[in-house]
Amino acid sequence: MLLSQSLGLSAVLFTLGVAGVLLRRNAIVIFMCVELMLNAVNLTFVALSRQLGFDGQVFVFFVMTVAAAEAAVGLAIIIALYRHHDTVNLDNINLLRG
Amino acid sequence: MNPLAGTVADRVGLLILLPLIGFVVNGVVAFARPKAKGVATAVGVGSVAVVFALAAGIFGKMIGVQTDVPFIKPLWAWIPAGDLRIEFALQLDRLSIVMALVVTGVGSLIHVFSVGYMAEDPGYARYFAYLNLFIAFMLTLVLGASFPVLFIGWEGVGLCSYLLIGFWFTDEEKARAGLKAFLVNRIGDAGFLVAMFMLWKHLGTLNFVGVDASAPRLLAAGGSTVTIIALLLFLGCTGKSAQIPLYIWLPDAMAGPTPVSALIHAATMVTAGVFLVARAGVLFALAPTAQVVVAGIGALTALFAATIGLKQWDIKKVLAYSTVSQLGYMFIGVGTGAYAAGIFHLMTHAFFKALLFLGAGSVIHAMHGAYHHTHSHADAQDMRNMGGLKQFMPTTYRTMFVAFLAIAGIFPLAGFFSKDEILGAAFNRGSVAPFWYLVWLLGTVAAFITAVYMTRLMLYTFEGPNRTGDAERPHLHETPAVMTVPLVVLAVLTALGGIINLPGKWAASGWLERWLDPVTRQADAVTHLQAHLSSGGEFGLMTLALAIAIAGIWYARAKLHPEALVPADRAPAEHGFAKLLLEKYRVDELYQAAIVRPLVAVSRGVLWKGIDVGLIDSAGVNGSAVVARTLGWMGTRLQSGNLGTYVVLFVIGALAVLGALIR
């Protein structure tokens, strides 16, 4: 029973993350939503590893490592964006428009 | 094994190579040292003289041995393309060596004459470069062993003709005359090309030997195929040899230096068409309709051009129309199937017309010199400004008088025999079809007119009082020896040239006809001509021809009064028929209105404004650019730069892929 509840929670978290990325305009919030999606996936791995062995938990370590690195780089980019544009609102950041 | 193999005839390629080297050397001299006249003279005249000696050597060799079979000298494989294998091969036979001798012999004399005529010209080396190139191409034309090789020479002499007509290209009128000659010749050359295509399609060979052998087997005699081929070839001849309807370029070609007119536009190049008909004699023999057209056009041209010659004032224009007229005679000859007579007249005409042109050149040189002294701008070529020149230029007068008697047809000069031979052949064929009597009649009337206009030329130029001008008269004098010696040599040839083909039944008579027999035999076998007129008939025709010539001269002397002429700038305007003749029947204007202007209008209105600008530029070039740009613009609309949009699209895409995977 714990498995299905865990997976359900994971699905809810992931959907929240996707919805946040799609709907929010603040770069920091979007960034946090990406982290939320990563962690939803981590939860899935951990929950399933109870039945399928430790491989999932090993994956989670990798994901956490990558997420940490990504947080460092991503936050640095957002700071650079803010210094350049005086805003982190993505509606105002459209330099790549064709 | 051909008896000529291993002899001097193996060096036949040198005949073309040497003038070509002369062209290159003189071309370099013209660019690097335009003032180095000594080099240009030595190379220009020397190369042609050596080539003449070589041709004479080969001819001497040919007299001694059996030359019924042409000697073919392949030089290299020129166009090896599938079934089509064309060798660059030269052919020595009795016809080509005769032509080569005429070209190099008369050519040498004219080169020598040019040394004097062009002495003061700044383009001296360039002139000799072109002249040597012409000799090289003309020899390619007469020596080529197949239609394509002949065609190279054919086009090459056309190029040289263009270059030399427009030699003084800073004068726009002269440059235009060169262009006119070139463009008019293109029409005829297109016919020649199509004829070659058809020959290849139907016979599978383009060698003269191959065509002569296979044409009677593969082409139905009198059939439409061979008739069309022959007529297309003849279209080429009308362009190159200035016959109706393409003769209009030749009178304008007189814009070139006078020795050029003598060499290219009288003695050699313009006779190429006659040579071609003789070369392709078997094809024409198989197509009697084409023969009728050839002889008919020849007769019409002979008469038509002679009448125009009656009223021209420019001494070179008279000779130009005379050339057109005499070429008409040659076509009567070859059209009748009397190839030997046509070639005979070609030779004698080369002698006497070159002499007439060089004589005219000598006169113009003297006139020009006199006007140059007084800085007058009067026309040095207008006969109304001449008169009485025989006391100033006795050698020129005497030599030209010989040529005058020859072209008028006075016994026993060369022109008398050759013209008579042609008219006799046409008369002879009249017993088969009455049409040929008409050809004979037109030719005979033209002979009368020839005598009249030539008498007029001699009267107005050399007799009567001098009209050059009082200030200029003391400066009129005979031209230097370098110019008069070629005149004397040509005068001797003109006087004696008739002996190579005398009429009658003596051992010496008909030498050229017997010499050319191996070449013309096949064509004669197809035509089945009656051998000859009876001696009585022949004698009667000759007497008649002589009477007509004398009548023409007498009539002109009785009617024309050089004493009554006034210089060109004071001359009254002409009226009536004389005006029409002076304006050359307004044929140029007719062509201009009927062909040139509509062509230009269609080219401008439809081809340029309509098809080029409207279709190709707008729809094709710019249209495809517009389509590409529109598609690109549509693509850029996807790049909104808005991250949210990208993410939405990305998620939709990811979901679509996921859905596809788990379905």
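Quantities reported herein were computed from a predicted structural model and do not represent experimental measurements.

Novice: For the overall build of chain A, give the residues involved together with the corresponding values.
Specialist: Regarding its fold elements, chain A presents three helices and zero strands. From first element to last, N terminus to C terminus, chain A shows the α and β order α-α-α. Taking all 98 residues of chain A together, the buried fraction comes to 12%. The contacts of chain A with a sequence gap of at least 6 include a subset with a gap of at least 24, amounting to 45%.

Novice: Tell me about the overall build of chain B, and name the residues and values.
Specialist: When helices and strands are counted, chain B shows 24 helices and two strands. Taken along the three principal axes of its C-alpha coordinates, chain B extends 115 × 65 × 50 Å. Across the 663 residues that make up chain B, the buried fraction comes to 52%. Expressed as a percentage of contacts within chain B between residues at least 6 apart in sequence, the contacts between residues at least 24 apart total 80%.

Novice: Go over the interface of chain A and chain B with me, naming the residues and quoting the values.
Specialist: Taken together, the nine residues of chain A in the interface contact 10 residues of chain B. The residue makeup of the side of chain A that touches chain B, split by class, is six nonpolar, two polar and one charged.

Novice: Can you explain the pairing of strand S2 (residues 84-92) of chain B? Please cite residues and give values.
Specialist: All names here are of chain B. Note: strand S1 (residues 71-81) against S2, nine bridges, orientation antiparallel. By the bridge assignment, Lys 73 is partnered in S2 with Leu 90. What sits between S1 and S2 in their antiparallel hairpin is a turn of two residues, with Gly 82 showing a positive phi close to 65°.

Novice: So what's going on with the confidence of the model for chain B? Residues and values would help.
Specialist: In this model, chain B carries an average pLDDT of 90, and 99% of its residues clear a pLDDT of 70 or more. Predicted complex metrics record ipTM = 0.79 and pTM = 0.81.

Novice: With reference to specific residues and values, describe the nonpolar core.
Specialist: Counting residues in each nonpolar core, the largest one holds 223 residues, and the members touching the most others are Ala354(B) and Leu355(B). Among the elements that take part in this core, helix H15 (residues 339-373) of chain B stands out by supplying 22 residues, more than any other. Once residues lying within four places of it in the same chain are set aside, the contact partners of Leu355(B) are Thr399(B), Met400(B), Ala403(B), Leu487(B), Leu490(B), Ala491(B) and Thr494(B). Listed in part, the five residues of the second largest apolar core include Ala27(A), Ile30(A), Phe31(A) and Cys33(A).

Novice: So what's going on with H15(B)? Which residues, and what values?
Specialist: All names here are of chain B. With 35 residues, H15 should cover 51 Å at 1.5 Å per step; its first-to-last C-alpha distance of 50 Å lies within 8% of that length. Of all the bends in H15, the largest measures some 25° and sits at His 349. Counting buried residues in H15 gives 31 out of 35 residues, a clear majority hidden from the surface. Count one or two residues on from H15 and you reach His 375, which has phi positive near 55°.

Novice: Residue-level account of the packing of H15(B) against helix H17 (residues 414-429) of chain B, with values.
Specialist: Residues and elements named next belong to chain B. Here H15 crosses H17 at 155°, and the two axes come no closer than 9 Å. Between H15 and H17, the crossing angle belongs to the class labelled roughly antiparallel. Crossing of H15 against H17: the hand is left-handed. Every residue of H17 that contacts H15 at Ala 341, Gly 342, Phe 344, His 345, Thr 348, Phe 351 and Phe 352 is listed here: Ala 414, Gly 415, Ser 418, Lys 419, Glu 421, Ile 422 and Ala 425.

Novice: An account of the packing of helix H1 (residues 12-32) of chain B against helix H2 (residues 37-64) of chain B is requested, with residue identities and associated values reported.
Specialist: Helices that pack against each other are described as a pair by the angle of their axes relative to one another and the distance between those axes. All names here are of chain B. In contact at an axis separation of 9 Å, H1 and H2 are set at 175° when each is read in the N-to-C sense. By the angle class used here, H1 and H2 are roughly antiparallel. Contacts between H1 and H2 involve Val 12, Leu 14, Leu 15, Leu 18, Pro 19, Ile 21, Gly 22, Val 25, Asn 26 and Val 29 from the former and Val 39, Ala 40, Val 43, Gly 44, Ser 47, Val 48, Val 50, Val 51, Leu 54, Ala 55 and Ile 58 from the latter.

Novice: Just give me the short version of the environment of Arg384(B), but keep the residues and values in it.
Specialist: Residues and elements named next belong to chain B. Following the sequence through the fold, Arg 384 ends up in the loop between H15 and helix H16 (394-408). C-beta crowding within 10 Å serves as the criterion here: with 19 such atoms nearby, Arg 384 is assigned to the partly exposed category. Note: C-alpha distance between Arg 384 and Pro 122 (262 residues apart in sequence) is 29 Å. Ignoring any residue separated from it by four or fewer positions in sequence, one finds Arg 384 in contact with Trp 313, Arg 467, Leu 565, Val 566, Pro 567, Ala 568 and Ala 571.

Cut-offs and rules
Residues numbered from 1 in each chain as written. Chains lettered and ligands numbered in written order. Predicted model: local features only at pLDDT ≥ 70, side-chain atom pairs only at ≥ 80, totals over all residues. Helix = DSSP H or I, 4+ residues; strand = E, 2+ residues; numbered from the N terminus. Buried ≥ 20, exposed ≤ 12 C-beta atoms within 10 Å, placed from the backbone. Contact = placed C-beta atoms within 7 Å. Nonpolar A, V, L, I, M, F, W, Y, C, P; charged D, E, K, R; others polar. Pairing = 2+ DSSP bridges. pLDDT = per-residue confidence, 0-100. Core = buried A, V, L, I, M, F, W, Y, C linked by C-beta atoms within 7 Å. Expected span 1.5 Å × (residues − 1). Bend = angle between axes of the 7 residues up to and from the residue. Axes fitted to C-alpha atoms, helices over the stretch in contact; angles between N-to-C directions. Parallel < 35°, antiparallel > 145°, perpendicular 65-115°, else oblique. Left-handed = near helix turned anticlockwise from the far one by under 90°.

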